[in-house]
Amino acid sequence: MAILKILQYPDERLHTVAKPVSTVTAATRKLINDMAETMYAAPGIGLAATQVDVHEEIIVMDISETHDQLQIFINPKILERNGETECEEGCLSVPGVYEKVRRAEHIIVQALNERGEPFTLEAGGLLAVCIQHEMDHLKGKVFVEYLSLLKQSRLKSKIKKRQRETM
Ligand code: K1U
Ligand code: ZN
């Protein structure tokens, strides 16, 4: 297993739209293992392949307190959205920034697991929020892009200054 480099906002590669996985292979499972190790080490509760510069529709997630309930979503699709919730979100690609984002409260998602088998899941609460956040990454969208343009521009300047100082 390996810890992968997580792209940092405003890296342009975070805006790449991921492609569906055509066949789940041993290479896909190796990437999933590396993504899981990277997510647990960060630490985080989710990670999209986009964030490690792989532009395939793969997400790993573990919202459990015991860090032993890894969930894999390959080629995820939201079949149904219900309600609305506002939740404070963070992102491993935007460290230190937490902002409230409005999203669907409940979703029904269909995806493939690590064996390439389809499954359908009804999700609410943090799981639903996290799935939507990670699916945005696959579409090339970072959560701060829900903020006002003024807030985004202030945030970009702050992050670029911080990145210059740590170079
Ligand atoms: O996409 C990512 O960068 C992962 C992100 C997922 C997420 C968190 C909160 C709301 C929506 C999506 C994170 O994991 S940020 C870090 C975080 O939430 C966390 C870190 C340590 C312990 C518990 C949570
Ligand atoms: Zn994120």
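In what follows, the accompanying structure is described. (Residues numbered from 1 in each chain as written. Chains lettered and ligands numbered in written order. Predicted model: local features only at pLDDT ≥ 70, side-chain atom pairs only at ≥ 80, totals over all residues. Heavy atoms only, no water.)

What to know about the coordination of the zinc ion (ligand 2)
Consideration 1: Protein ligation of the zinc ion (ligand 2) involves Cys91 (SG), His133 (NE2) and His137 (NE2), the donor distances falling in the range 2.0 to 2.3 Å.
Consideration 2: Spacing between the donor residues of the zinc ion (ligand 2) along their common chain follows C-x41-H-x3-H. Pair noted here: Cys91 is in the loop between β4 (85-89) and β5 (99-103) and His133 is in helix α2 (residues 125-138), with a separation of 42 residues, a long-range link.
Consideration 3: When its relative accessible area of 10% is taken as the criterion, Cys91 is described as buried.
Consideration 4: On the basis of relative accessibility, which here comes to 6%, the residue His133 falls in the buried class. (Donors = N, O, S within 2.8 Å, 3.2 Å for Na, K, Ca; no water. Helix = DSSP H or I, 4+ residues; strand = E, 2+ residues; numbered from the N terminus. Buried < 20%, exposed > 50% of the residue type's maximum accessible area, 1.4 Å probe, protein only.)

Some words on the site of ligand 1
Consideration 1: Close to ligand 1 lie 14 residues, the nearest being Ile45, Gly46, Gln51, Leu92 and Glu134.
Consideration 2: Ile45 is positioned such that a nitrogen or oxygen atom in its backbone is 2.7 Å from an oxygen atom of ligand 1.
Consideration 3: Separating an oxygen atom of ligand 1 from a side-chain N or O atom of His133 is a distance of 3.1 Å.
Consideration 4: Coverage of ligand 1 by the protein amounts to 79% of the 530 Å² it exposes when considered alone.
Consideration 5: In this structure, ligand 1 is accommodated by the largest pocket.
Consideration 6: Top contributing element to the shell around ligand 1 by residue count: α2, with five residues.
Consideration 7: Of the residues assigned to the shell around ligand 1, the class counts are six nonpolar, six polar and two charged. (Near = heavy atom within 4 Å. Polar contact = N/O pair within 3.5 Å; in protein donor to acceptor, adjacent residues only side chain to side chain. Areas by Shrake-Rupley, 256 points an atom, 1.4 Å probe, with all protein chains shown as cover. 1 Å grid on protein atoms, 1.4 Å probe; cavity = no way out; pocket = protein on both sides within 12 Å on 5 of 7 lines; lining within 4 Å. Sits in = over half its atoms within 2 Å of the grid points. Nonpolar A, V, L, I, M, F, W, Y, C, P; charged D, E, K, R; others polar.)

Considering the nonpolar core
Consideration 1: Residues Ile59, Met61, Phe73, Ile107, Ala123, Ile131 and Met135 are the most contacted members of the largest nonpolar core, which totals 17 residues.
Consideration 2: Of all elements in the fold, only β2 (58-61), β3 (71-82), β6 (106-112) and α2 reach the threshold of two or more residues within this core.
Consideration 3: Top contributing element to this core by residue count: α2, with six residues. (Core = buried A, V, L, I, M, F, W, Y, C linked by side-chain atoms within 4.5 Å.)

Quick notes on the sheet that holds strand β1 (residues 46-48)
Consideration 1: Taking strand neighbours across the sheet as the criterion, the five strands line up as β1-β2-β3-β6-β7 in an open arrangement whose pairing is antiparallel. Looking along the sheet, the strands with just one partner apiece sit at the ends: β1 and β7 (118-124). For this sheet, the mean angle separating the axes of adjacent strands, direction not counted, is 40°.
Consideration 2: Summarising the sheet, β2 and β3 pair through four bridges and their orientation is antiparallel. Paired with Val60 across the strands is Ile72, a residue of β3.
Consideration 3: Contacting β1, β2 and β3, helix α1 (residues 26-41) crosses the sheet at an angle of about 40° to β2.
Consideration 4: Across the sheet, α2 lies against β1, β2, β3, β6 and β7, angled at about 120° from β7, the strand it touches most. (Pairing = 2+ DSSP bridges. Axes fitted to C-alpha atoms, helices over the stretch in contact; angles between N-to-C directions. Contact = heavy atoms within 4.5 Å.)

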